[in-house]
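Descriptive analysis of the structure
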Amino acid sequence: MNLRFTLNGKPWQVDCEPQETLAEVLRNTLNLNGTKVSCEVQVCGACTVLVDGVPVSACTYLAYEARGKSVTTIEGLEKPDGTLHPLQQAFIDEFAFQCGYCTPGMIMSAKALLDENPQPTRDEIIHYMDGNICRCTGYVPIVAAIQRASEVMSKETKK
Amino acid sequence: MSAEKKTDFHVVNHSLPRRDGRVKVTGKAQYVADLRLIGMAYAKVLRSTYAHAKIISIDKSRAEARPGVYCVVTGYDLEGLSPYYGHAVKDHPLLAIDKVRYAGEPVAAVVAVDERTAFEALEFIDVKYEELKAVFTPAEALAEDAPLLHERQFEAGALRGFEGEVSAGKGTNICQTHKIQWGDVDKAFKEAAAVVEGNYYFPMTYAYAMEPYVAVAEVNDQDVTIYSSAQHPFMVRHDLKSVFNLPVSSVRLIVPFVGGGYGSKSYTKIEPLVAACSWKAKRPVKLQLTVEEAMLTTRSDDAYTWMRTAADANGKIIARQAKIVMNTGAYAENSPLVVEKSTNRCVGPYAIPNVLIENSSLYTNTVPASSYRGFGCAQVTLPGESQIDELAAKIGKDPYEFRLANAAKPGEEFFPGMRPFDGTLKQDLETAAKAIGWGKPLPKGHGRTVACSGSDAGAYPLTSTAIRVHADGSVTIMTGSTELGQGSHTVLPQIAAEELGIPFEKVRVVSSDTAITPYDRSTGASRTTTLMGTAVLEASREAIQQMVVMAADVLKVKIEQVRVVRGGVRCGEAQLKWSEVISKFYALPDGEVIGRAYIRKSGKFSALPVFWETAATGVEISVDEETGKITMEKLATVGDVGLAINPALAEGQDIGAATMGMGIGLFEELVYEGSQLVNGSILDYRLPRFSDLPKEVELHLVQNQDGVGPYGAKGGGEASLNSMAANIANAVDRAVGVRIRQAPLTPERIWRAMKEKRDKG
Ligand code: FES
Ligand code: FES
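Residues numbered from 1 in each chain as written. Chains lettered and ligands numbered in written order. Predicted model: local features only at pLDDT ≥ 70, side-chain atom pairs only at ≥ 80, totals over all residues. Heavy atoms only, no water.

What about a nonpolar patch on the surface?
Residues and elements named next belong to chain B.
- Among the surface-exposed residues, Phe585, Tyr586 and Leu588 lie close enough to one another that they form a single nonpolar patch of about 290 Å² accessible area.
- By secondary structure assignment, the location of phenylalanine 585 is in helix α15 (residues 578-586).
- Judged by relative accessible area, phenylalanine 585 falls into the partly exposed class, the value being 35%. (Patch = residues over 30% accessible without salt bridge, like charges linked within 9 Å, V, L, I, M, F, W, Y side chains within 5 Å. Areas by Shrake-Rupley, 256 points an atom, 1.4 Å probe, with all protein chains shown as cover. Salt bridge = Lys/Arg side-chain N within 4 Å of Asp/Glu carboxyl O. Helix = DSSP H or I, 4+ residues; strand = E, 2+ residues; numbered from the N terminus. Buried < 20%, exposed > 50% of the residue type's maximum accessible area, 1.4 Å probe, protein only.)

Below, the structure written as structure tokens:
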């Protein structure tokens, strides 16, 4: 099957099998290994990418469903000049990861949250992020990182 | 026995950002799951559906005939290899041979062009079994008419990590026994003013490293190369060398970033199997397990403990006795060491004059148990710390005061033959109590408790490293310690930068490639900062000594005239940075100096444990009286780490560990029904999520520089897990007056206990 879609802002075209998941196409065909796969059953959120701005689990989302849509992965967040997205920077500043396996999916979910709700409360963060599991950090620094990124981003938009 | 006390740190003891931060937040960090080699094939595993059965025959011809399949490997195709491995007991075949011992055991592997082809071929392998009677619990395994899991005696592994005999294979299902004893327990219990006694159960748990087991093997006629998500590459190398009968130098283990370990990636797992696949298929092979398969690979030992503890009229603990029976599953793995450690850890961290602890682990037809964060300690801290509260209540003391009065004191030799205690429990407990508001009034249905843990770290001192100082003054650390997320790639550079007086950013770590990095026994038991950290410190100093000699040569002065200053040397008016020393010595702006260090069980590391891993935790919970559901109101962790090389990372270890412990206290448990794991999927195994976050969390460190590691550091990252289940059980008792002696404390268990209490009136 021929799949045309927008990937991290650029038009893209690949061949894929009807049963192939978006995670498989990203990782195996397009060599974008930033999207991690863990549970494969939509429980852990490690594979989260954005499709037209909405977070989806790439482990179960069929690749052809992305046709004509815009997909954003962790590789699409860093600016070409190397500047990190405020969420990425906040995850570093708050030590919001250890092994890093949940991190790309965590950051993509958090991005969707902040895009939708730029100044979430602690409870809103917890509620929105509940579909992402992290086994290392106990979540405490991740909440702090999302709060910090939210502050940085709201200052930036005010500028 | 504290190390030198230095306080004016430039780099160490600062929460510098992680050295692996940028690659991890941009998705560029490479894990074995991301690896592809040219010509690589993929393997999938056929697993036993029986818990215990003889293999009558395996017909693989239909599977092997399928397009895209290179070969199918079974236990009958391993001639030329020594297929049994195990660092403690060589009881584990890389594929089932003659019989299967648990449902889920690998029976055959298909190697094919891609994963899907390999997977589809599995159902074309015909295995004929003759079912045998199976045992699932230690009690069944001990029964007179119990079937034997292992019929023959095994070789004890040379690297088992303890000095005692291995008990396995002596005509019973006993895998390992251990006993400690001092004083006169019977007399003490007779004379006691108060005694508490009870039976406790600690469940099987699953570590869920988010990166499931994965390895890529490339085996050719001479050499074996394996990329694996293994915590201890050198231990795995040893097993592989034995399986393939090769010299050590022919086996190379490479470990890139690891997606979580928590003990579950300790020791050898799928590496012998994937290597055998590559050997048969004559090409590189990748094997990546699913999470369901990972759950069929390793779990923690569940433990049945009977314990009693006695106090005298003055509130002094005078005796403790326990009998522990652990369920080790089908193969020994690291459970013999877990048995020894859990035996010891029944005592600590209290000074008890009369002790008798007997422990045994049993082979059963279940998933093999092995290391799990805390290493047998959580299993016995549930009874141990529960009984401290129960006993305090019985003699009418405040449990916090009771702990303070009985906790081992700094420098006290509370465990005969072991290193004197190197923690400060009084300060740890005070800090935890203060953080959760000890003594303040609580609403009805709330309970507040503190608990502690001090365990004899399993860290065995055998570690080496090389520090390469380059001609531009930058440094490469060569270390066999694996970056699992704990932060070794950050902490080790901090130590080298501190010693060499160079910027932290100029230090890079190359880790865990057994062909390149010097030997390190393992990355586990919270050992890296203490042991590898010391090695990095000593190697940096050795490099400095070499550079002093080089500077004397360059400056044409006597060695004694050269003085070390921060980042270089001085001699009279002349001052040279390390980069200048090296460049001038070689007369080229290139070249290097290699500093080395070897750590062994001698000098300050001769007494074991290398350190007592110590922490206190405090919780406040509330219990919904109608449903029995617990809400975590507050959580405080206090890591007694000597000195935190990077405080933010040390605190991160504590909250991560405490959250795992909270998961076990509240809901984590692998459940067997008959031969099958009924919740062997991440859909059914409940893990802590964002919504389980305690409403308030406080993280504290106690830093008295009392460890033997660099600048007085010692290990952390397990101890906050150990006390959590007990803490929750104690808090439930204080909140609603029911004593639950089993983890997890599910709403149903609490509700039933409350109902029973009401019914009794
Ligand atoms: S891998 Fe997709 S949700 Fe877990
Ligand atoms: S950082 Fe390891 S799972 Fe989140």
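Okay, back to it.
Describing the domain arrangement of chain A
Residue and element names in this part refer to chain A.
- For chain A, the domain assignment lists domain 1 (2-76) and domain 2 (86-158).
- Here the C-alpha centre of domain 2 lies 21 Å away from the C-alpha centre of domain 1.
- Each partner contributes to the interface: domain 1 provides 14 residues, whereas domain 2 provides 13 residues.
- Each partner contributes to the roughly 1100 Å² buried at the junction of domain 1 and domain 2, and carbon and sulfur atoms together form 66% of this total.
- It is Lys36, Leu50 and Ile74 that lose the most area in domain 1 upon contact with domain 2, and together they represent 39% of the buried surface on that side.
- Remark: the boundary between domain 1 and domain 2 carries zero salt bridges. (Domains from an automatic or database assignment. Contact = heavy atoms within 4.5 Å. Buried area = accessible area lost by both parts, 1.4 Å probe.)

Description of the sheet that holds strand β26 (residues 612-623) of chain B
Residues and elements named next belong to chain B.
- Spatially, four strands are ordered β18-β26-β27-β30 in an open sheet, and the strand pairing comes out mixed. Every other strand in the sheet has two partners, leaving β18 (446-456) and β30 (696-702) as the edge strands with one partner each. The average angle at which neighbouring strand axes cross in this sheet is 15 degrees, direction not considered.
- Here β18 runs beside β26; their pairing, made up of eleven bridges, is antiparallel. Bridged to serine 455 within β26 is glutamate 613. (Pairing = 2+ DSSP bridges. Axes fitted to C-alpha atoms, helices over the stretch in contact; angles between N-to-C directions.)

Overview of the packing of helix α6 (residues 233-244) of chain B against helix α7 (residues 271-281) of chain B
All names here are of chain B.
- Direction vectors running N to C along α6 and α7 enclose 40 degrees, while the axes themselves pass 10 Å from each other. The pairing of α6 with α7 is recorded here as oblique in orientation. Both α6 and α7 take part in a crossing whose hand is right-handed. Mapping the contact onto sequence places Val236, Leu240, Val243 and Phe244 in α6 and Glu271, Pro272, Ala275, Ala276 and Trp279 in α7.
- Of the residues in the contact of α6 with α7, the class split is eight nonpolar, no polar and one charged. (Parallel < 35°, antiparallel > 145°, perpendicular 65-115°, else oblique. Left-handed = near helix turned anticlockwise from the far one by under 90°. Nonpolar A, V, L, I, M, F, W, Y, C, P; charged D, E, K, R; others polar.)

Examining the interface of chain B and chain A
- At the interface, 54 residues of chain B touch 52 residues of chain A.
- For the pair chain B and chain A, the two sides together bury roughly 4300 Å², of which 58% comes from carbon and sulfur.
- Sorting the residues of chain B by area buried against chain A places B:Val25, B:Met210 and B:Phe690 first, and these three jointly supply 21% of that buried surface.
- Seen at the junction of chain B and chain A, the total is six salt bridges.
- The shortest N-O distance in the salt bridge between A:Glu24 and B:Arg116 comes to 3.6 Å.
- Our count for the contact surface shared by chain B and chain A stands at 27 residue pairs in polar contact (both at pLDDT 80 or more).
- Contributions of two or more residues to the side of chain B that touches chain A are made by α1 (21-25) and α16 (647-666) of chain B.
- Considering each element in turn, the side of chain B that touches chain A owes the most residues, eight residues, to α16(B).
- The class makeup of the residues in the side of chain B that touches chain A is 28 nonpolar, 14 polar and twelve charged. (Polar contact = N/O pair within 3.5 Å; in protein donor to acceptor, adjacent residues only side chain to side chain.)

Description of the side chain of B:His470
- Note on placement: B:His470 falls in strand β19 (residues 463-470).
- When its relative accessible area of 19% is taken as the criterion, B:His470 is described as buried.

Quick look at the side chain of B:Glu613
Residues and elements named next belong to chain B.
- Note that glutamate 613 resides in strand β26.
- In this structure, glutamate 613 is buried with no salt-bridge partner, the nearest side chain bearing the opposite charge being arginine 345 at 6.5 Å.
- The contacts of glutamate 613, once residues within four sequence positions are left out, are Ser453, Gly454, Ser455, Ala525, Ser526, Gly715, Gly716, Gly717, Glu718 and Ala719. (Lys, Arg positive; Asp, Glu negative; His and termini not counted.)

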